[in-house]
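Listed here are the chains, written in short residue letters.
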Amino acid sequence: MQTSISGAFQATLRLGSLLQVGLVSAALHADPLHPQALMMLAATAWADRSTVSYLKVWHG
């Protein structure tokens, strides 16, 4: 027996993107991090490819 798929939704969030948002907010803060620490964190955020994915499929 087969059922038809009426819809699907998928979202993927890169964890490096969250780190980049943190870096931008740290750079804009009144007491920013040391420039070497910012460069190290930026390289880590750029190289990180880990993700969290969500997939929802519903049948009609």
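Rules and cut-offs
One numbering rule holds for all chains: residues counted from 1, following each sequence as written. Per-residue local features are limited, in this predicted model, to residues with pLDDT of at least 70; the limit for side-chain atom pairs, both in listing and counting, is 80 or more; totals at the level of whole chains, interfaces and linings are taken over all residues. Hydrogen atoms and water are omitted, and side-chain values are computed over all heavy atoms in the structure. Counting from the N terminus, the helices are DSSP H or I runs at least four residues long and the strands are E runs at least two residues long. Each residue is placed in one exposure class: buried if its accessible area under a 1.4 Å probe, protein chains only, is under 20% of its type's maximum, exposed if it is over 50%, and partly exposed if it falls in between. Classification of ring pairs rests on two measures: the distance between centres of Phe, Tyr or Trp rings, Trp counted by its six-membered ring, which must be within 6.5 Å, and the angle between planes, read as stacked under 30 degrees, edge-to-face over 60 and tilted in between. A ring is considered to have a charge above it if a Lys NZ or an Arg CZ atom is located within 6 Å of its centre and within 35 degrees of its normal. Expected span, for any helix, means 1.5 Å times one less than how many residues it has. Directions are taken from the helix axis to each C-beta atom, and the arc is the one they span. Any pair of residues with heavy atoms lying within 4.5 Å of one another is described as a contacting pair.

Enquirer: Teacher, can you tell me more about the overall build of the protein chain here?
Expert: In terms of regular secondary structure, the protein chain is built from two helices and two strands. By its C-alpha atoms, the protein chain is 60 × 20 × 10 Å across when sized along the principal axes. Counting only residues that meet the buried cut, the protein chain has 8% of its 60 residues in that class.

Enquirer: In this structure, what is going on with the packing of aromatic side chains? I would like to understand it.
Expert: Each aromatic ring pair is specified by the distance between its two centres and by the angle formed by the two planes. The final tally for this structure, using the stated rule, is one aromatic pair. Stacked on the ring of Trp46, the Lys or Arg Arg49 has its end atom at 5.9 Å from the ring centre.

Enquirer: Looking at this model, I keep getting lost on helix α1 (residues 15–28). Mind explaining?
Expert: An α-helical turn contains 3.6 residues, so any two residues separated by three or four positions project in the same direction. Taking 1.5 Å of rise per residue, 14 residues should cover 20 Å, and α1 covers 21 Å from first to last C-alpha, within 8% of that figure. Taken residue by residue, α1 has Gly16, Leu23 and Ala26 as its buried positions. Relative to the axis of α1, the buried residues are bounded by an arc of 75° and lie together on one face. Looking at α1, the residues exposed on the side facing more than 90 degrees away from the buried face are Val21, Val24 and Leu28. Against β1 (5–14) and α2 (35–47) lie the buried residues of α1.

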